[in-house]
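Below are the chains, spelled out letter by letter.
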Amino acid sequence: MIKKYSSLQKQITAIASFSENEIETIASCFEYEKFAAKEYLSSMGKISNKIFFIAEGLARVYYLKDGKEITTYLSCEDGFIASYSSFINQSVSFEDIQCIEDCEVLSITFEKMQFLYNEIPNWERVGRILAEQNYLCMADRVLKLQMIPAKEKYQTFLASAPAKIVQRTPLIYIASFLGITPESLSRIRQDIS
């Protein structure tokens, strides 16, 4: 369990500086949780009240369009994942967050985030950086989906996504994330191998 908190500490101290007391306060605001593969961290139709730090495992964010699952975000160890729009606005989510593998996470509620914003000035930097990273990821994804050919999308994904995500994510989710069919992705993979 301590290792999981040290991974979180490493990630947040890469963003901002904190005293030992502040680190203890931050750690006390996170709850350790375990989820099995296919379980949901958060569900559409409900208010997403938590941000998750993945200590072990792999998860995805997706929504439904015309009965099809559209994956919008993938995260693994040492990454954060949330339905950010729902979390920030405390409004009903249009996304699901599902574990692709068994996951061990450290979660923080909206209320505890607000508490840390008020108690620890540098925590606002962590919140801002997480929001900026989420925005940049979504903006980059939208532009790529609309502007580049499928083969280039996949090659960019291979070059920019963490190796753990590339190697462990089922192809059906990668295809959905890239906005292409699984059949097209299979052809592209054969073409570039």
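Whatever comes next refers back to the structure up there.
Rules behind the numbers
- Residues numbered from 1 in each chain as written.
- Predicted model: local features only at pLDDT ≥ 70, side-chain atom pairs only at ≥ 80, totals over all residues.
- Heavy atoms only, no water.
- Pairing = 2+ DSSP bridges.
- Helix = DSSP H or I, 4+ residues; strand = E, 2+ residues; numbered from the N terminus.
- Axes fitted to C-alpha atoms, helices over the stretch in contact; angles between N-to-C directions.
- Contact = heavy atoms within 4.5 Å.
- Buried < 20%, exposed > 50% of the residue type's maximum accessible area, 1.4 Å probe, protein only.
- Arc of directions from axis to C-beta.
- Salt bridge = Lys/Arg side-chain N within 4 Å of Asp/Glu carboxyl O.
- 1 Å grid on protein atoms, 1.4 Å probe; cavity = no way out; pocket = protein on both sides within 12 Å on 5 of 7 lines; lining within 4 Å.
- Points joined across faces, edges and corners; volume = space filled by probe spheres on them.
- Nonpolar A, V, L, I, M, F, W, Y, C, P; charged D, E, K, R; others polar.

Turning our attention to the sheet that holds strand β1 (residues 31-35). The four strands are arranged β1-β8-β3-β6 in an open sheet whose pairing can be described as antiparallel. Pairing within the sheet leaves two strands with one partner each, and these edge strands are β1 and β6 (79-81). Geometrically, the sheet is characterised by an average inter-axis angle of 35° between neighbouring strands, direction not taken into account. Summarising the sheet, strand β3 (residues 50-56) and strand β8 (residues 103-109) pair through six bridges and their orientation is antiparallel. For I51, the partnering residue across the bridge sits in β8 and is I108. Against the sheet, helix α4 (residues 110-119) contacts β3 and β8, and its axis sits at roughly 60° relative to β8.

Residues that lie three or four places apart on an α-helix share one face, since the helix turns once every 3.6 residues. Among all positions of α4, only F110, M113 and L116 are buried. All buried residues of α4 project into a common sector of 120° when viewed along the axis, lining one side.

Turning next to the pairing of strand β5 (residues 68-76). As paired strands, strand β4 (residues 58-65) and β5 are joined by eight bridges and run antiparallel to one another. Residue pairing across strands places K65 opposite K68, the latter belonging to β5.

Below, the discussion takes up the pattern of salt bridges. Here the structure, examined in full by the defined rule, presents seven salt bridges. In this structure, E69 engages R60 in a salt bridge whose closest nitrogen and oxygen atoms are separated by 2.5 Å. Measuring nitrogen to oxygen at the nearest pair gives 3.8 Å for the salt bridge that ties K164 to E77. Taken together, the residues span a long stretch of sequence, with K164 in helix α7 (residues 163-168) and E77 in the loop between β5 and β6 at a distance of 87 residues. Classification of K164 as partly exposed rests on a relative accessible area of 34%. What you see here is one network of salt bridges that share partners, running through E77, E101, K164 and R168.

Burial runs high along β8: six of the seven residues are buried. Two strands pair when backbone bridges link them, and β1 and β8 are joined in this way by five bridges, in the antiparallel orientation. Along β8, the bridge assignment pairs F35 with C103.

This brings us to unusual backbone geometry. The phi dihedral of D66 is positive, around 50°, even though this residue is not glycine. For D66, the location among the structural elements is in the loop between β4 and β5.

So, about the sheet that holds β5. In spatial order, the strands read β2-β7-β4-β5; together these four strands make up an open sheet with antiparallel pairing. Of all the strands in the sheet, just β2 (40-42) and β5 have a single pairing partner and so form its edges. Going from strand to strand, the sheet's axes swing by 30° on average, the running direction of each strand aside. With respect to the sheet, helix α8 (residues 171-178) is in contact with β4, β5 and β7 (96-99), its orientation differing from that of β5 by roughly 105°.

A word on the layout of surface pockets. When its volume is computed, the largest pocket comes out at roughly 840 Å³. Around the largest pocket sit 31 residues that line it, and Y73, L74, C137, P162 and I165 are the ones nearest its centre. Within the residue set of the lining of the largest pocket, elements represented by two or more residues are β5, β6, α5 (123-147), α6 (150-160), α7 and α8. Looking at the lining of the largest pocket element by element, the count peaks at eight residues for α5. In terms of residue class, the lining of the largest pocket is made up of 17 nonpolar, seven polar and seven charged. Residue lining of the second largest pocket: 14 residues in total, with K68, E69, I70, S176 and I180 positioned closest to the centre. Elements that contribute at least two residues to the lining of the second largest pocket include exactly β5, α5 and α8. In the lining of the second largest pocket, the residues fall into seven nonpolar, three polar and four charged.

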